[in-house]
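Report on the structure
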Amino acid sequence: MIPGKDNNKGVKNDVAKEKFGSFALFDVEHFLRRLLKNWYWFVLTLSIGYVVSWFYGKYYAQNIYASNLSLSISNNTSSYFTPNQSINFIWGQGGNQDGIYLKKMLLSRSHNEFLVHELNLFVNYQTKGTIKATYLDKDDSPVFLEVDRKHLQQVNYPITLIPKGNNSYEVVLPKEGQSSNLYSYEFEGFQNINSFPRPANKIIKVNEWYTSPNLRFRLLPNPVETKIKLDNIIVNLSTVNDAVNSIVSSIGVDFDKEINTIMIVTKSGYNLNSTVNFLNTSIEELRKKRFKDKNTVDQNTEKYLNESLVDVREKLDSSAAYLNHLKVSEKLYDINNRDEKSLDKIKELEAKKADFLSKMNSLKNIRSTVDSKNFDRMISPSAAGFDDGLFTASVSELKALYMKKRELSTIYTPNSEPIKEINRLINEAMTNSSGSLRNIYNVYTTQINKLDQQIAEASSDLSTYPEKQRKYLDAERGYNMIEATYNSLLSRQNESKMRLATNQSDITVIDPAKNLGQGPIGPNVKGTKMAILGGFSAIPLLIILLGSLFDSKIRNIKELISVTKIPLLGVVGNNTSENMLTVLDSPKSSVSEAFRGIRANVRFLSGDDNKSKVILVTSSVGGEGKTYVSINLASVLGLSDKKTILLGMDLRKPKIFGDFNIDNKLGISNYLTGEATVEQIINKTRIPNLDVATSGPIPPNPSELLMSERNIKFIEELKNLYDFIIIDSPPVGLVADSYELMKYSDANLYIVRHEYTEKYMLKMITEKYHNGEIKHLGFVYNDYVVKQGYGYGYGYGYGYGYGYGYFDEDKNYKEPLLIKIRDKMKSIFNR
């Protein structure tokens, strides 16, 4: 039975409702076959990817290292005030304020800018091999480059130093890239000079100054002998701002999860020794600076408290004298029926109020100092009863910014961009500090208002006392309040003296940064290598995938049948010979056998096997092999003792005559125009039972001739003379002539060429077939190439498989390597 033939029986009404001819957008089977077919491209791209990844890991990837340092921050707040007096307690805040301050200091511009200047971190060292440049720590270089900070310098301009022996080095500058826009390390800004030619290479000795229009520096010997012998040292200068930004972006600060006063500081960089040296130096400088600032602030605080104590002492003495006067003159030292409980409560509340008022005075002093920018007279925030790390950090930043502004003001105008930027930073820091002070002031004001309310409630009972007694009690309350203020100041003075006497850095290094041979933290070389390999292997995969998605060619026989539901009469292989007479020249070939199978299957398309068969052969477009199929099908029929005639009715593109060595001067076109008789256009071939009528000269009106009554009568006359009439008709995708001729044919063969015919071209013929407009239609799949050893195909006279000695092609058969391996494995396991 012909595949798909039964679809026209029994369920014709249901089939007519279905959509036919719509192929899938993506053919998975074809995609997988293309992957297997192009395996060598994957091997090639993977090999290239491996080479690229190897070069990346060895010569391109710059390893990033990290070192860390842990330190402890002592928090002195609890020793200054009791918990209920702490501003943090009032706000309901906990946390590590000192740690936050220290973190901000470590990441601050002022601290890191100081380190950049102190350690010359704007000078960067490298050495370069054949391909890859490696970053060096300053101590790895045999010489240090010291710039003349008063001379303009060109930054981001590689200076190559080549050792020449005897403490001399050749200075080699780039052939291009010299700039007249130079940087001043003294004023940290750029200035333009006149253009100049490239400075020539020059050999200088250690401690000798090198001078050019865009550079001035000298080389200082490294006091420690380096272990690494370098063929070259490449020095790059950067601006101070770039160096600071680079450092800040590479520092990480975290707090221990269990003890929040322990801080872990991390520094990343291209050289491990550089990160270690920077961390240890940074913390040491911060310890020194904080110790110095702490002493200055504590000295200011002690002085402020001493002055405040003198003022309050005078008020206390005056109040005591007035109280004694009342006792002596008014005899009020012994008041009957005193409510001691209420008076003690009032005394306690007024003592608290006095303490808050004293702290508010200290707070006003701090605010006045900030507003007046007189930071050298700043007192400790603890004198005002609070310890806010953010405020401390913002004041420290303000101090550094004002110093920076004074430096910039000497070279920039007030409306210049650097001054505008520094003013913006000052306003930001000022806003932060003012906001903190305002919040604290509001808290104190709220507390004092609450105390006033409580004091007023407690004092309501005193109104019942006689006037003299109330006068004495008011004087006594005034004295007690001043005394409480004095005691509060005295307590803070003692604390300040104790801090000064026992002052030490509140930063203790637990684990300093060390070079322990830590491995790099980045980049992820292994991951990058895998990504490179994956990327290269994805190239052929992507190309094949896109090719499959945009491929509209017919490549799958099973899909062709399942989508169109049109019978398949046979599969014809690739014609390897130069002519089209395959059946005659290679009768034992698999292709010849395929045509014999088609001959057998054609009889199923028409009902009466004894009736003369008119077989029409067409296709979608030219080049699909309809003429080739027509010639060989006619040859097979002629060789089987069936009287057959082959008609070349593709009048627009005559082809048949050449293969049979027939003259095309007279043909069907001549007959249809009345220029020749039937006998004149019929030609004999070397097959006794096969005649051929060629197309003849190309007429101006081929469609009208083919549809003429004379042509219909011509076909009817031939039915009486021949058993089979094979019509090589025009392609239906270009002209409609073949559709008209199909009305007079008994069987219609539609040629589909493997990897040539477009899928969309089959939609029209499929719809006409299922709508009943065309009957007795079958496909012939042409030019299908079977991969040796895999035996794919439908078998309709073709695709039996190579290697069995059945066809002529088997003599040239070579078993594929995969099949050899498979058979070898089978033989091993079957022993």
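These numbers come from a predicted model, not from an experiment. Within each chain, residue numbers correspond to sequence positions counted from 1 in written order. For a predicted model such as this one, the threshold for reporting local features is a pLDDT of at least 70, and the threshold for listing and counting side-chain atom pairs is 80 or more; totals across whole chains, interfaces and linings nevertheless cover every residue. Note: side-chain values were computed over all heavy atoms of the structure, leaving out hydrogens and water.

1. Digging into the pattern of salt bridges
Salt bridge criterion: a side-chain nitrogen from Lys or Arg within 4 Å of a carboxyl oxygen from Asp or Glu. All chains considered together, the criterion is met by 25 salt bridges. A salt bridge links D691 to K684; its shortest N-O distance comes to 3.4 Å. Exposure classes here rest on a 1.4 Å probe applied to the protein chains alone. A residue is buried below 20% of its type maximum, exposed above 50%, and partly exposed in between. On the basis of relative accessible area, K684 is assigned to the exposed category, the value being 60%. Here the salt bridges share partners, and the residues they tie into one network are E421, R424 and E428.

2. Focus on the pairing of strand β6 (residues 168-172)
Among the five residues in β6, four count as buried, and that is most of the element. At least two DSSP bridges between two strands are needed for those strands to be called paired. By the criteria applied, helices consist of DSSP H or I runs no shorter than four residues and strands consist of E runs no shorter than two, each listed in order from the N terminus. With five bridges joining them, strand β5 (residues 159-165) and β6 adopt antiparallel strand pairing. Opposite P163, over in β6, you have Y169 as the bridge partner. Between β5 and the antiparallel strand that follows it, β6, lie two residues; N166 among them carries a positive phi value of about 55 degrees. Sheet topology note: the β6/strand β9 (residues 202-205) ladder contains four bridges and is antiparallel. Each residue of the ladder has a partner; that of V171, found in β9, is K202.

3. Regarding the packing of helix α2 (residues 28-37) against helix α3 (residues 39-60)
Each axis is a line fitted through C-alpha atoms, and for a helix only the stretch in contact is used; angles between axes span 0 to 180 degrees, taken between their N-to-C directions. Direction vectors running N to C along α2 and α3 enclose 60 degrees, while the axes themselves pass 4 Å from each other. By the angle between their directions, the pair α2 and α3 is classed as oblique. Touching L35, L36 and K37 of α2 are W39, Y40 and F42, all from α3. If an angle is under 35 degrees, it is roughly parallel; if it is over 145, roughly antiparallel; if it lies from 65 to 115, roughly perpendicular; otherwise it is oblique. Residue contacts follow a heavy-atom distance rule, with two residues in contact if any of their heavy atoms lie within 4.5 Å.

4. Overview of the packing of aromatic side chains
Two rings from Phe, Tyr or Trp (for Trp, the six-membered ring) form a pair when their centres sit within 6.5 Å of each other. Planes less than 30 degrees apart are called stacked, planes more than 60 degrees apart edge-to-face, and all others tilted. Following the criterion strictly, the structure yields 13 aromatic pairs and no others. Ring geometry for F595 against Y628: centres 5.8 Å apart, planes inclined by 70 degrees, an arrangement best described as edge-to-face. Here F595 is found in helix α17 (residues 590-602), whereas its partner Y628 is found in helix α18 (residues 626-639), with 33 residues between them in sequence. Taking relative accessible area as the criterion, F595 reaches 0% and is therefore assigned buried. Since its relative accessible area comes to 7%, Y628 is described here as buried. Ring centres 5.8 Å apart and planes at 70 degrees place the aromatic pair Y750 and F779 in the edge-to-face group.

5. Some words on the sheet that holds strand β16 (residues 568-573)
Taken in spatial order, the eight strands make up an open sheet running β16-β23-β22-β17-β21-β18-β20-β19, and their pairing is mixed. Looking at the sheet topology across the chains shown, the edges are occupied by β16 and β19 (682-684). Across this sheet, the average inter-strand angle for adjacent strands is 25 degrees, counted without regard to direction. Pairing of strand β17 (residues 613-619) with strand β21 (residues 724-728) involves five bridges; the strand directions are parallel. In the strand pairing of β21, I615 is matched with I726. α17 contacts β16, β17, β22 (747-753) and β23 (777-784) of the sheet and is inclined by roughly 170 degrees relative to β16. Along the sheet, α18 contacts β16, β17, β18 (644-648), β20 (690-693), β21, β22 and β23; its crossing angle with β21, the most-contacted strand, is approximately 170 degrees.

6. Comments concerning the environment of T127
By secondary structure assignment, the location of T127 is in strand β2 (residues 123-128). In the structure, T127 is positioned 106 residues away from I233 in sequence and 4.9 Å away in space, judged by C-alpha atoms.

7. Re the sheet that holds strand β4 (residues 143-147)
The antiparallel open sheet is built from three strands, whose spatial order is β4-β11-β10. Strands with a single pairing partner mark the edges of an open sheet, and in this sheet they are β4 and β10 (209-212). Taken over all neighbouring pairs, the strand axes of this sheet differ in orientation by 25 degrees on average, direction set aside. Pairing between β4 and strand β11 (residues 215-221): five bridges, direction antiparallel. Bridge pairing in β11 links V147 to F217.

8. So, unusual backbone geometry
Here G522 and P523 are connected by a cis peptide whose omega angle stands at -5 degrees. Tracing the sequence through the fold places P523 in the loop between β15 (507-511) and α14 (525-550). Positive phi is not limited to glycine here, since E188 has a value of about 55 degrees. Mapping E188 onto the fold places it in the loop between β7 (181-184) and β8 (189-192). A positive phi angle, near 55 degrees, is found at N661, a position not held by glycine.

9. Structural notes on the nonpolar core
The biggest cluster of nonpolar side chains holds 52 residues, and the ones touching the most others in it are L71, L145, I159, L161, F217, V235 and L237. Other than its neighbours up to four places away in sequence, L71 contacts L102, T261, I262, M263, V265, I283, I507, T508, V509 and I510. With 45 residues, the next largest nonpolar core counts I566, A676, V752 and L777 among its residues. We define a nonpolar core as any set of buried Ala, Val, Leu, Ile, Met, Phe, Trp, Tyr and Cys residues linked to one another through side-chain atoms lying within 4.5 Å.

10. Observations regarding a nonpolar patch on the surface
Taken together, the side chains of W39, Y40, W41, V43, L44, I48 and V52 make up a nonpolar region of the molecular surface, amounting to roughly 680 Å² of accessible area. Along the chain, W41 falls in helix α3. Patch criteria: residues need more than 30% relative accessible area and no salt bridge. Like-charged residues are merged within 9 Å; nonpolar side chains of Val, Leu, Ile, Met, Phe, Trp and Tyr are merged within 5 Å. Using a 1.4 Å probe, accessible areas were evaluated by the Shrake-Rupley method; residue-level cover was limited to the displayed protein chains.

11. Let's talk about the pairing of β22
The buried count for β22 comes to six of seven residues, which makes it a mostly enclosed element. Pairing of β17 with β22 involves five bridges; the strand directions are parallel. If you follow V617 over to β22, its bridge partner there is L749. In the sheet, β22 pairs with β23 via six bridges, with the strands oriented parallel.

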